[in-house]
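Results of the structural survey
In case you want the letters, here they are:
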Amino acid sequence: MYQLRLAARSASPIGRSRNRRPDIKDMKFYVRTYGCQMNVADSNEIGRHLKAKGLVETQDPQDASIYLVNTCTVRQHAEDRAFSEIGRLGRWKAKRPGRKVVVSGCAAERTKEYLEDRFPFIDLVVGAKSIENFNEIAGRLLDRRATDEDLDYAVPAVNEKVAAFVTSMRGCNYSCTYCIVPYVRGREIYHSIDQILAEVRDRVSEGAREITLLGQTVNSYRHGQHRFADLLRAVAGIDGVERIRFISPHPYYMTDRVIETMATVPQVCESLHLPVQSGSNTMLKSMMRNYTREHYIALAGKMRQAVPDMTLSTDIIVGFPGETEEDFRQTLSLVEELQFDWGFVFKYSAREGTPAAELECLPQQLIEERHQRCLELVDRIALKKRLDLVGTIQDVLIEELGVGRTRTNYKVHVRREAQARQGAASINEAQARAERKPARSASPIGRSLKRRAQPQEKAAASSNIIHGDQVRVRITNAQRATLEGEVYNGNLAFENFREEDCRAGTCPDRQ
Ligand code: 5AD
Ligand code: SF4
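In short, a report on the structure. Note that residues are indexed from 1 along each chain, following the sequence as it is written. Lettering for chains starts from A, numbering for ligands starts from 1, and both go in the order in which the items are written. At least 70 in pLDDT is required for a residue's local features to be given in this predicted model, at least 80 for side-chain atom pairs to be given and counted, and no such filter applies to totals for whole chains, interfaces and linings, which use all residues. No hydrogens and no water enter the side-chain calculation; it runs on all heavy atoms of the structure.

1. Considering helix 13 (residues 325–338)
For helix 13, spanning 14 residues, the distance from its first C-alpha to its last is 20 Å, which sits close to the expected 20 Å at 1.5 Å a residue. Think of it in three bands: with a 1.4 Å probe and only protein chains considered, a residue is buried below 20% of the maximum accessible area for its type, exposed above 50%, and partly exposed in between. Secondary structure elements are taken from DSSP: a helix is a run of H or I of four residues or more, a strand is a run of E of two residues or more, and numbering for both begins at the N terminus. Listed as buried for helix 13 are Asp-327, Phe-328, Thr-331, Leu-332, Leu-334, Val-335 and Leu-338. Projected onto a plane normal to the axis of helix 13, the buried residues spread over an arc of 155 degrees and lie on a single side. Throughout, a residue-residue contact means that at least one pair of heavy atoms, one from each residue, lies within 4.5 Å. Among the structural elements, helix 11 (281–287), helix 12 (293–306), strand 14 (311–318) and helix 14 (364–389) are those in contact with the buried residues of helix 13. A helix is expected to span 1.5 Å multiplied by its residue count minus one. The arc in question is the one spanned by the directions pointing from the helix axis to the C-beta atoms.

Given below as structure tokens:
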């Protein structure tokens, strides 16, 4: 039967042999990820396990035999969204024989029994603590006797991610009183430097040029004698790694050695996401954050002094139980004072089992109102910061067609063709601004570091920008969340861009 059905399959897609025997290689899986980068990394890891078994990833759920929902539970909203997607999978599964539904991640860890009870069609639940054992757990998923072969054909995609995540630690030893993470991900476990470097090499061999190290408190890393600064330097020593980022650090572990490493190792990008959560010492204490407002402000100042071009972004929670108007204003004033380049503002969400869930919640309307006020302030500053970049020249690493990131972690939509325009402002001004950027010295410590790869100066009109290219881009416009720019060939003398036009929303690039 198996053989017969395959032999009858005549419309052979490109790259597939008509007479090929059916095997596990052709099963497809679809992954839906909720939550943070840690979850994205976990999804990638699960994907790699499945690919190692010969499965192929698809972007189309209708094409898949396995549908994986990687869930988040950090706020109620994230959990609700994942559960409503899972609810719809009963019908997806019923459409074809042999389809499998897998639910993984933090909500899966927290609510395993509930999930199995409410959605009996789920084939496998893998909690966040078990992701690393996915391979063993998932064995029975791959029994393809029951699958519908019609679904199971695909040309394997080459994994060529330019920017890759590498998990350096799992879990969290903190006990921030609002946070469910330590309950669903457990205590900290650190991967050895060798293991991390091996993974970095794998990602580089697949095409990665930027590595983001991941952990809940990524900079608390310790393994044997090694600390986080050593890890950064070791990753920088791997051939082919041009950019290094890390997320999310905890202010407590932002040590002088880490700061110095950021300042001196060229591969480490000038960008720091440092969650502050609140600007009120009363709230920080009640959240058990282990630092004060003053400590955070001093740290931010030190960082900016050491890495002058650095972007600083943050997470803020508004409406934590007991937050008074005065506490909230302290948060607003901290945002004003530190002028974050961007920030994520979250409405407090009570998570069952956490200490804060025992406290009396503020009225939802008040939380909404504070959320709005804080968001407006954060976004206003962020837009101003982006507008300040208009006219500057930035190194952009292209991640997908026409879209890349600056070292400072701004997303930039890059236009392939720069049109030479005649007009008022000289680009020399932009160049002068860009050149004001102080040169960063190579690390004086340890082994010699590779010189940072210089962006290719591409001839704008003829360039064909593909992922992996590093190009010089002249920023032409700023959106709420992204920048726009065009390849800068270094020869343009004049253009008609005027900053005030962009501020007024009448920038020629927008028309
Ligand atoms: N309610 C609201 N926001 C939360 N975060 C974590 N737990 C909660 C919660 N219970 C936010 C924090 C953290 C980010 C990942 O999510 O700001 O830094
Ligand atoms: Fe949660 Fe705090 Fe750990 Fe971050 S440091 S994961 S907020 S407990």
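So, next bit.
2. Let's talk about the site of ligand 2
Around ligand 2, the neighbouring residues are Cys-172, Tyr-174, Cys-176, Tyr-178, Cys-179, Val-181, Pro-182, Gln-216, Thr-217, His-250 and Arg-289. Residue polarity is assigned by list, with Asp, Glu, Lys and Arg as charged and Ala, Val, Leu, Ile, Met, Phe, Trp, Tyr, Cys and Pro as nonpolar; anything else, Gly included, falls into the polar class. Residues belonging to the shell around ligand 2 are distributed by class as follows: seven nonpolar, three polar and one charged. One heavy atom within 4 Å of a molecule or strand makes the whole residue count as near it.

3. Section: the sheet that holds strand 3 (residues 66–71)
Pairing between strands is defined by DSSP: at least two bridges between them are needed. The strand order across the open sheet built from five strands is 2-1-3-4-5, with neighbouring strands paired in parallel fashion. This sheet does not close on itself; its edge strands, each paired only once, are strand 2 (56–57) and strand 5 (124–127). As paired elements, strand 3 and strand 4 (residues 100–105) share six bridges and run parallel to each other. If you follow Asn-70 over to strand 4, its bridge partner there is Ser-104. Sheet strands touched by helix 2 (residues 37–52): strand 1 (28–33), strand 2, strand 3 and strand 4. Its angle to strand 1, the strand with the most contacts, is close to 170 degrees. What counts as an axis is a line fitted to C-alpha atoms, over the stretch in contact for a helix, and the angles between N-to-C directions run from 0 to 180 degrees. Across the face of the sheet, helix 3 (residues 76–94) comes into contact with strand 1, strand 3 and strand 4 while running at roughly 170 degrees to strand 3.

4. Considering helix 2
If you check helix 2, its first and last C-alpha atoms are 22 Å apart, about what 16 residues at 1.5 Å a residue would give, namely 22 Å. Every buried residue of helix 2 is listed here: Met-38, Asn-39, Ala-41, Asp-42, Ser-43, Glu-45, Ile-46, Gly-47, His-49 and Leu-50. Gly-54 sits one or two positions beyond helix 2 and adopts a positive phi of about 100 degrees.

5. Some remarks on the site of ligand 1
With respect to spatial proximity, the complete set of residues near ligand 1 consists of Val-74, Arg-75, Tyr-178, Gln-277, Asp-315, Ile-317, Phe-346, Lys-347, Tyr-348, Ser-349 and Arg-351. In this structure, an oxygen atom belonging to ligand 1 sits 2.7 Å away from a side-chain N or O atom of Asp-315. Those elements giving two or more residues to the shell around ligand 1 turn out to be strand 14 and strand 15 (342–347). Taken together, the residues that form the shell around ligand 1 break down as five nonpolar, two polar and four charged. For the purposes of these results, a polar contact is taken to be a pair of N or O atoms within 3.5 Å, where, inside protein, one atom must be able to donate a hydrogen and its partner to accept one; residues adjacent in sequence count only when each atom of the pair is a side-chain atom.

6. Focus: the pairing of strand 18 (residues 411–415)
Side chains Val-412 and Val-414 of strand 18 all project onto a buried face; the interleaved residues Lys-411, His-413 and Arg-415 project onto a face where none is buried. Two elements, strand 17 (residues 403–406) and strand 18, share three bridges in a ladder whose sense is antiparallel. Across the sheet, Val-403 pairs through a bridge with His-413, a residue of strand 18. Linking two consecutive strands that pair antiparallel, namely strand 17 and strand 18, is a turn of four residues; a positive phi of about 80 degrees is found at Asn-409 within it. The pairing of strand 18 with strand 20 (residues 483–487) spans four bridges and is classified as parallel. Looking at the pairing, Val-412 lines up with Leu-483 of strand 20.

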